[in-house]
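Report on the structure
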Amino acid sequence: MTDRTAIKTGRRVAVVGGGWAGLSAAVEATQRGHRVTLFEMAAQLGGRARRVEIDGSVLDNGQHILIGAYTATLALMRLLGIAVEDVLLRTPLQLVQPDGTGLILPEGSPVTALARGVLSHRGWTWRDKVSLLRVTVGWARRGFTCDRALSVSRLCAGLSERVRIQLIEPLCVAALNTPANVASASVFLRVLKDALFSGPGSADLLLPRRSLSELLPAPAQHWLERADTSIRLSQRVDLLQPADGGWLVNGLRFDAVILAVTAVEASRLIGPLRADWSVQAAALRYEPIVTVYARAANARLAQPMLALPASVDGDGNPAQFVFDLGLLNGQAGLLAFVISGARRWVERGIDTTIDETLIQGRRELARSLRGPLVPVRALTEKRATFACTPGLERPPAVIRDGLVAAGDYVDGPYPATLEGAVRSGLFAARSIS
């Protein structure tokens, strides 16, 4: 990123959409000297990663995990003046279950830490450990690449069943929000490569200690306003038209446009301008995420985040992870149960999902609960992420001259993550310069 004192270019740039991709694009375009106008149809910035207030409760519209390899997101946060160490709790990668078993990576080089963590796992046999290390070495020798048609389940067929169930499946659904049997192995390997080979700390977990709005959207808004960026909230863009070497956005002329809205909205706007791009964006399929918030007086988990074991028959235990918001941000007794790849639970209905999640929580967290576990709210994002399936062709970022898409769904190496959104926004802003 360049200095905010960059020479003004005089170019007028519209950024349509105020999620994390749009905000990163707006900041980068402003840094490059452009006159930026940001349009957001909601009343607040942040997109799918923001704070919401419901019935007096201040909650996030989902729980997000960052890792140390998210270099673009961390650099943007620091540029905005955010003390990353204060707003994110950094711990070595830990996928620990309520009984204390699980994978814990010690500090140090990620590769060495992985070997030490696997060998010290108390819940695995030597066969489990050797199978994981052998397969991981094979992935590394092949440069963490594979046939794009391969699923994560097929990729991991050489692992023991226990390792697949306890590590690969929850890790896959956390990273890609897509069940392992239908998730892209090539994208999964790219995430592992960056986590293991991006230097010390790249595999660390970074857990938010503030609301998602405080993590980036609010600081970005403050930064942009100080830079005299025009931010237009509650304004939906209904019409996008080419005009004399530039673009009309709701009738206002701009030299370039960064379209940082959802794939569905982008498809609608781009349809009359480039049909093939619109069709490709509309063809994406989605995976939902359900977050069940529940409260138990004086509840305190052993760690801020715990992995929850899958059910034996695969039918119960909806949540893969639970977060103790008391340990993270001071909301004592408030727990967030996260159900990724939640399609079948959405189909079964929210009441059933809440009931099964509470049953799971009471059973798995019995030692940590001091009172009854009661529901607070369940939040469902039906289009939380695109389904990251093998061989998926995602829409390219560049649509036409001066018109670029940004979002975690556009073509790129990452799945639908905050890092993917931020990187796409930076790429879009650099593409129109």
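Going by the structure above, here's the rest.
Anyway, here's the lowdown on the structure attached to this text.

Let's talk about the packing of aromatic side chains
Across all of its chains, the model carries four aromatic pairs by this definition. Where Phe-144 meets Phe-197, the ring centres are 5.5 Å apart and the plane angle is 65°; that geometry is what we call edge-to-face. One end of the pair, Phe-144, is in the loop between helix 5 (126-141) and helix 6 (152-155); the other, Phe-197, is in helix 8 (residues 185-197), with 53 residues separating them in the sequence. Owing to a relative accessible area of 6%, Phe-144 belongs among the buried residues under this scheme. In this structure Phe-197 comes out as partly exposed when scored by relative accessible area, which is 47%. The ring centre of Trp-126 lies 5.0 Å from the NZ or CZ of Lys-129, which sits over that ring. One residue, Arg-383, lies across the ring of Tyr-286, its end atom 5.7 Å from the ring centre.

Quick word on the environment of Thr-262
Here Thr-262 is to be found in the loop between strand 14 (256-259) and helix 11 (263-270). Thr-262 gets classed as partly exposed once you look at its relative accessible area, which sits at 39%. As a C-alpha pair, Thr-262 and Ser-160 span 102 residues in sequence and 39 Å in three-dimensional space. Apart from residues lying up to four places away in sequence, Thr-262 is in contact with Arg-48 and Tyr-409. Of the polar contacts made by the side chain of Thr-262, one reaches the backbone nitrogen of Glu-265; its length is 3.1 Å.

Section: the environment of Ser-211
Inspection of the secondary structure assignment puts Ser-211 in the loop between strand 9 (205-208) and helix 9 (212-215). The buried category is assigned to Ser-211, whose relative accessible area is 10%. Counting along the chain gives 151 residues from Ser-211 to Asp-60, while the straight-line C-alpha distance between them is 6.3 Å. When residues no more than four places from it in sequence are discounted, the contact partners of Ser-211 are Arg-51 and Asp-60.

Focus on the pairing of strand 14
Neither face of strand 14 is exposed, since Ala-256 and Ile-258 on one face and Val-257 and Leu-259 on the opposite face are all buried. Across four bridges, strand 1 (residues 12-16) lies against strand 14 in parallel orientation. Note on strand 14: the bridge partner recorded for Ala-14 is Val-257. Examined bridge by bridge, strand 14 and strand 21 (residues 403-405) share three bridges and lie parallel to one another. Within strand 21, the residue paired with Ile-258 across the bridge is Val-404.

The rules behind each value
Residues numbered from 1 in each chain as written. Predicted model: local features only at pLDDT ≥ 70, side-chain atom pairs only at ≥ 80, totals over all residues. Heavy atoms only, no water. Phe/Tyr/Trp six-rings, centres within 6.5 Å; stacked < 30°, edge-to-face > 60°. Helix = DSSP H or I, 4+ residues; strand = E, 2+ residues; numbered from the N terminus. Buried < 20%, exposed > 50% of the residue type's maximum accessible area, 1.4 Å probe, protein only. Lys NZ or Arg CZ within 6 Å of the ring centre and 35° of its normal. Contact = heavy atoms within 4.5 Å. Polar contact = N/O pair within 3.5 Å; in protein donor to acceptor, adjacent residues only side chain to side chain. Pairing = 2+ DSSP bridges.

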